[in-house]
Amino acid sequence: MSERKDFLRTIVEADLKSGKVKEVVTRFPPEPNGFPHIGHAKSIAINFGIARDYNGHCNLRMDDTNPTKEDTKYVQALKDAVEWLGFEWEGNVRYTSDYFSQIHDYAVQLIKMGKAYVDSLPEDEIREYRGTVKEAGKRSKYAERTIEENLDLFERMKKGEFKDGEHILRAKIDMSAANMKLRDPLLYRIRHVEHFRAGNEWAVYPMYDFAHCLSDYIEGVSHSICTLEFENNRDIYNWVLETLELTPPRPYQYEFARLGINYTVMSKRKLLELVDGGQVNGWDDPRLPTIAGYKRRGYTPESILAFCASVGIAKANSMVDVSQLEFCIRDDLNPKVPRVMCVLDPLKVTIVNYEGSEEIDSSYYPHDIPKEGSRKLPFSKNICIERDDFMENPPKDYFRLTPEQSVRLKGAYIITCKEVIKDASGNVVEIKVEYSKESKSGADTSGIKVKSAIHWVDENSAKEVEVRLYDRLYSVEAPEGIEDLNPDSLKVIKTALIEPAVIDEKPDVRFQFERQGYFYGDPVDYTDEKPVFNKIVGLKGSWDKKSKKTETRPKERVKKEQVDGEVVAMSQEQEALFAKYTEELQLNSEVSNTLARDAQLSAFYEEALSLLNSPVSLANIVTNEVARELKQVAVEALKFSVKDITELVKLIDDKTISNKIAKQVFEEMVKSGTNPKQIVKDKGLVQISDPAIIGTIIDEVIAKNPDNVEKFKAGNSKLLGFFVGQVLKATGGKANPQVVNQLVTQKLK
RNA sequence: UGGGGUAUGGCCAAGCGGUAAGGCACCAGUUUUUGGUACUGGCAUUCGGGGGUUCGAAUCCCUCUACCCCAUCCA
């Protein structure tokens, strides 16, 4: 709905505006044979989002045409995913299987029309007969069966009289179609298996290409949106609907690029392998890009939706960086969730000069988050801090506790290291510190400056919790198989220490563990006795990165060498034409080349030349403008004639119109076929070359854009185009651009 | 006898003949009791390469290159 729409919304809006579509109806049509992943989320966001934006509706339809693969347990996962993302489907959940009898009737109709036949070739022969990508296929002899035979056979197929694979129903289209999907595509196959919804009612099941378009039609879908790999299927989609002569309105298919994210896999097959192979713990393993996985990990629907919106919708295959997803969840959680303290790897700290205990009141939110809420932080002389928040021999830019450097215990006091206690093997096991009584948070009169504040917990009151640290599932950007798995994708810490309020008060389910990241109480394994937290995502952190950065070598920019392929040689006739154009007519070689190689174009050109002796202008317009139109339609279908073109060129040659106007006139000729002179007259397109008139306009433009004038004078010569454009715009394109150009340059000197 | 798509900074992505939006990432600075957040500034003389048309081209024409999809009785 924003100013900048994606291409699908652009199409939808145009259809609405033109009246082609009265109500926008979309559908999300997954096959219930696996758990939905974030790629499905993108599709859900698109289909439901478009329906919502244009006051239409979106159906949830299970595309259950293959009884051997689908299962009801996936249906639930799909419904859950849509609901979790916050969308509502229109009416009940639809199933392609609901339409089996209608689809069957359409098949019968096709047979009656002579557009479908029962083939009885064995599977491997069907494949063989299909031909290859470079060779035409050949039609099965069974394609000659009479309509009656086909009807009879299909009826018996349906009744279950034949075994699987014995016969098949196919459309009769074209076995030599360049688009292989059109080589008599299969419509129905025999399957003696129980369908999870239709039971044993059917012995034949429709194929995707037949069922999908008809289901869309039956549901009144206006825009059938799918992914790029179905581009080739669009021809059958249209063929079925057109051949059946269905009463309008009918749906149209549009394709967008599927979502790819680095360091993970998105194919159902690979996901299934991970689950079945035990590499992960089920479909909802938080490392998986499944919606169930993200949900369990702690991602919010808002963040997933924001991500889908941020990656856009286009037709270029792409691989989105995970950091974009991570940004979305941090961005969503930052203003929402309470900050608490949890020490993952505890180091014992004794505050030697502190006696007794106290409770410190501390807000759940930092100063910049306008939310209310606080808890009591127990404090005593025995506390724990994060092991890597202390270093005996720190690098210069280390801000935390060292023997020489004090730190603040967040929300509490400033401490100074006094003694480091080590075990026999030299590991630090405890540090003894002194605190400054005057440094209490909020009432600090100590005057001590510290570089950072670290998190901590009181040893006695802290609760032991399990924390599951998740990292990317794969260690390579574009993983192939399990050999690419990241061995450290899951680290379980069983002895993390968390402040008591998190467990006792449970202010939320999602938290920011200060200085570490966002965490989520695991919805499955969490119990009050054994709390479990999943790491959703880490904080951004520039410290870790800096230290890691030394490892990543700066990648050198390798400029890819462009190899120029061989250009096909010209035939003799083409060579002759080329020679004539370059030598006799003095055309430049590129134009001559284009003309000479295209028989249609050169014929058009020659004819024009016989009417008007202006070889160069004619060649230019034929090569550059007429050529475009000829790409779309045949010469006979052109609305303008050769003569029209010569007249157009005449207008240019005698300077009645500029090249710019000529383009405008040409466009009109393409659309209406009106004679160019008439167009120029009707629209008053005669060009303005009078420097006086143009000069005043330039002055106006200059007066209106002092900033740009300054920039231009400062050396930004690119702005010349801006000024020329403005003047041209002011004159409706009629100003002579060459004159404008000259004048602008002069005036801005 | 091949056909259908796609190429804009490290990653996404606008742009549709008037002179390269935005986000992520990255870098620098300010604020900060999170090495977080927020804020400020920087980050494409150039749009896969080469030609051509035009006063002017990422946008139009020609050509080359690279990548993706199609030969399941899968969807």
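Bear in mind that the values here come from a model prediction, so they are computed numbers and not experimental data.

**Q** Honestly, the packing of helix 11 (residues 301–311) against helix 12 (residues 322–333) in this entry has me stumped. Any pointers?
**A** When two helices pack together, their arrangement is captured by the angle between the axes and the distance separating the axes. Viewed as axis vectors pointing N to C, helix 11 and helix 12 meet at an angle of 135°, and their least axial separation amounts to 8 Å. Between helix 11 and helix 12, the angle falls in the class oblique. The element helix 11 and its partner helix 12 pack so that their crossing is right-handed. Contacts between helix 11 and helix 12 involve Glu-302, Ser-303, Ile-304, Ala-306, Phe-307, Ser-310 and Val-311 from the former and Gln-324, Leu-325, Cys-328, Ile-329 and Asp-332 from the latter. Across the contact of helix 11 with helix 12, the residue classes break down as seven nonpolar, three polar and two charged.

**Q** Honestly, the packing of aromatic side chains in this entry has me stumped. Any pointers?
**A** To describe a pair of aromatic rings, one takes the distance between the centres and the angle between the planes. Applying the stated criterion across every chain, the model contains 26 aromatic pairs. With 6.3 Å between their ring centres and 55° between their planes, Tyr-354 and Tyr-413 make a pair best called tilted. Of this pair, Tyr-354 sits in the loop between strand 12 (346–351) and strand 13 (357–363) while Tyr-413 sits in the loop between strand 16 (407–409) and strand 17 (414–422), placing them 59 residues apart in sequence. We note that Tyr-354, like Tyr-413, is buried. On the numbers, 5.1 Å between centres and 70° between planes, the contact of Tyr-354 with Tyr-435 is edge-to-face. Of this pair, Tyr-354 sits in the loop between strand 12 and strand 13 while Tyr-435 sits in strand 18 (residues 428–435), and the two are 81 residues apart along the sequence. Judged by its relative accessible area of 13%, Tyr-435 is buried. Taken together, the ring pairs connect Tyr-354, Phe-379, Tyr-413, Tyr-435 and Trp-456 into an aromatic cluster. Above the face of the Tyr-129 ring, Lys-138 is positioned so that its terminal group lies 4.8 Å from the ring centre. Above the face of the Tyr-263 ring, Arg-472 is positioned so that its terminal group lies 3.9 Å from the ring centre.

**Q** Explain the packing of helix 20 (residues 659–672) against helix 21 (residues 676–683) here, please?
**A** Between helix 20 and helix 21, the shortest axis-to-axis distance is 10 Å and the interhelical angle comes to 115°. For the element pair helix 20 / helix 21, the angle class is roughly perpendicular. In this structure, helix 20 meets helix 21 at a crossing whose hand is right-handed. Here Val-665, Glu-668 and Met-669 of helix 20 lie close against helix 21, whose contacting residues are Pro-676, Ile-679, Val-680 and Lys-683.

**Q** Any chance you could explain the environment of Ile-11 here in plain terms?
**A** Along the polypeptide, Ile-11 turns up in helix 1 (residues 7–18). Taking C-alpha positions, Ile-11 is 22 Å from Leu-60, a pair spaced 49 residues apart along the chain. Discounting residues that sit within four places of it in the chain, Ile-11 has contacts with His-223 and Tyr-254.

**Q** Explanation requested: the nonpolar core in the structure shown.
**A** Within the largest apolar cluster, 41 residues are counted, with the highest numbers of intra-cluster contacts made by Ile-38 and Ile-304. If you list the elements that add at least two residues to this core, you get helix 2 (38–53), strand 2 (57–62), helix 3 (72–84), helix 10 (291–297), helix 11, helix 12, strand 24 (517–521) and strand 25 (532–538). For this core, the leading source of residues is helix 2, giving six residues. In this structure, this core is formed jointly by two domains, domain 1 (7–98 + 213–261) and domain 3 (280–333), each of which donates at least three residues. The residues touching Ile-38, leaving out its near neighbours within four places in the chain, are Leu-259, Ile-261, Met-266, Pro-289, Ile-291, Tyr-294, Ile-304, Phe-307 and Leu-325.

**Q** Mind showing me how you'd approach unusual backbone geometry here?
**A** Backbone phi values are negative for most residues with the exception of glycine, while trans is the configuration of most peptide bonds. Backbone torsion omega between Pro-248 and Pro-249 reads 0°, so that peptide bond is classified as cis. Take Pro-249: it is sitting in the loop between helix 8 (234–243) and strand 9 (252–256). Phi is positive for Lys-655, close to 65°, though the residue is something other than glycine. Assignment of secondary structure puts Lys-655 in the loop between helix 19 (642–653) and helix 20.

**Q** Help me understand the domain arrangement of chain A in this model?
**A** Size of an interface, as often reported, equals the accessible area lost when the parts are brought together. Under the domain assignment, chain A is made up of domain 1 (7–98 + 213–261), domain 2 (102–206), domain 3 (280–333), domain 4 (339–458), domain 5 (572–678) and domain 6 (691–748). For domain 1 and domain 5, the distance between their C-alpha centres works out to 45 Å.

**Q** Honestly, the pairing of strand 13 in this entry has me stumped. Any pointers?
**A** Only one face of strand 13 is covered, namely the face carrying Glu-358, Ile-360 and Ser-362; the face carrying Ser-357, Glu-359, Asp-361 and Ser-363 is uncovered. The pairing of strand 13 with strand 14 (residues 374–380) spans seven bridges and is antiparallel. Bridge assignment links Ser-362 to a residue of strand 14, and that residue is Arg-375.

**Q** Is there a simple way to explain the sheet that holds strand 18 in this structure?
**A** Pairing between the strands of a sheet comes from backbone hydrogen bonds, and it takes one of two forms, parallel or antiparallel. Strand order in the open sheet made by the seven strands is 19-16-17-18-12-15-20, with mixed pairing throughout. Single-partner strands in this sheet number two, and they are strand 19 (453–454) and strand 20 (456–458). Here strand 15 (residues 382–386) pairs with strand 20 via three bridges, running antiparallel. By the bridge assignment, Cys-384 is partnered in strand 20 with Val-457.

**Q** Whenever I open this one, helix 25 (residues 737–747) confuses me. Can you help?
**A** One turn of the α-helix equals 3.6 residues, which is why residues spaced by three or four share an orientation. Residues of helix 25 that are buried include every one of Val-739, Val-740, Leu-743 and Val-744, and no others. Across the axial projection of helix 25, the buried residues extend over an arc of 125°, all falling on one side. In helix 25, those exposed residues whose orientation departs by more than 90 degrees from the buried face are Gln-738, Gln-742 and Gln-746. Of the surrounding elements, those touching the buried residues of helix 25 are helix 22 (691–704) and helix 24 (719–730).

Rules and cut-offs
- Residues numbered from 1 in each chain as written.
- Chains lettered and ligands numbered in written order.
- Predicted model: local features only at pLDDT ≥ 70, side-chain atom pairs only at ≥ 80, totals over all residues.
- Heavy atoms only, no water.
- Axes fitted to C-alpha atoms, helices over the stretch in contact; angles between N-to-C directions.
- Helix = DSSP H or I, 4+ residues; strand = E, 2+ residues; numbered from the N terminus.
- Parallel < 35°, antiparallel > 145°, perpendicular 65-115°, else oblique.
- Left-handed = near helix turned anticlockwise from the far one by under 90°.
- Contact = heavy atoms within 4.5 Å.
- Nonpolar A, V, L, I, M, F, W, Y, C, P; charged D, E, K, R; others polar.
- Phe/Tyr/Trp six-rings, centres within 6.5 Å; stacked < 30°, edge-to-face > 60°.
- Buried < 20%, exposed > 50% of the residue type's maximum accessible area, 1.4 Å probe, protein only.
- Lys NZ or Arg CZ within 6 Å of the ring centre and 35° of its normal.
- Core = buried A, V, L, I, M, F, W, Y, C linked by side-chain atoms within 4.5 Å.
- Domains from an automatic or database assignment.
- Pairing = 2+ DSSP bridges.
- Arc of directions from axis to C-beta.

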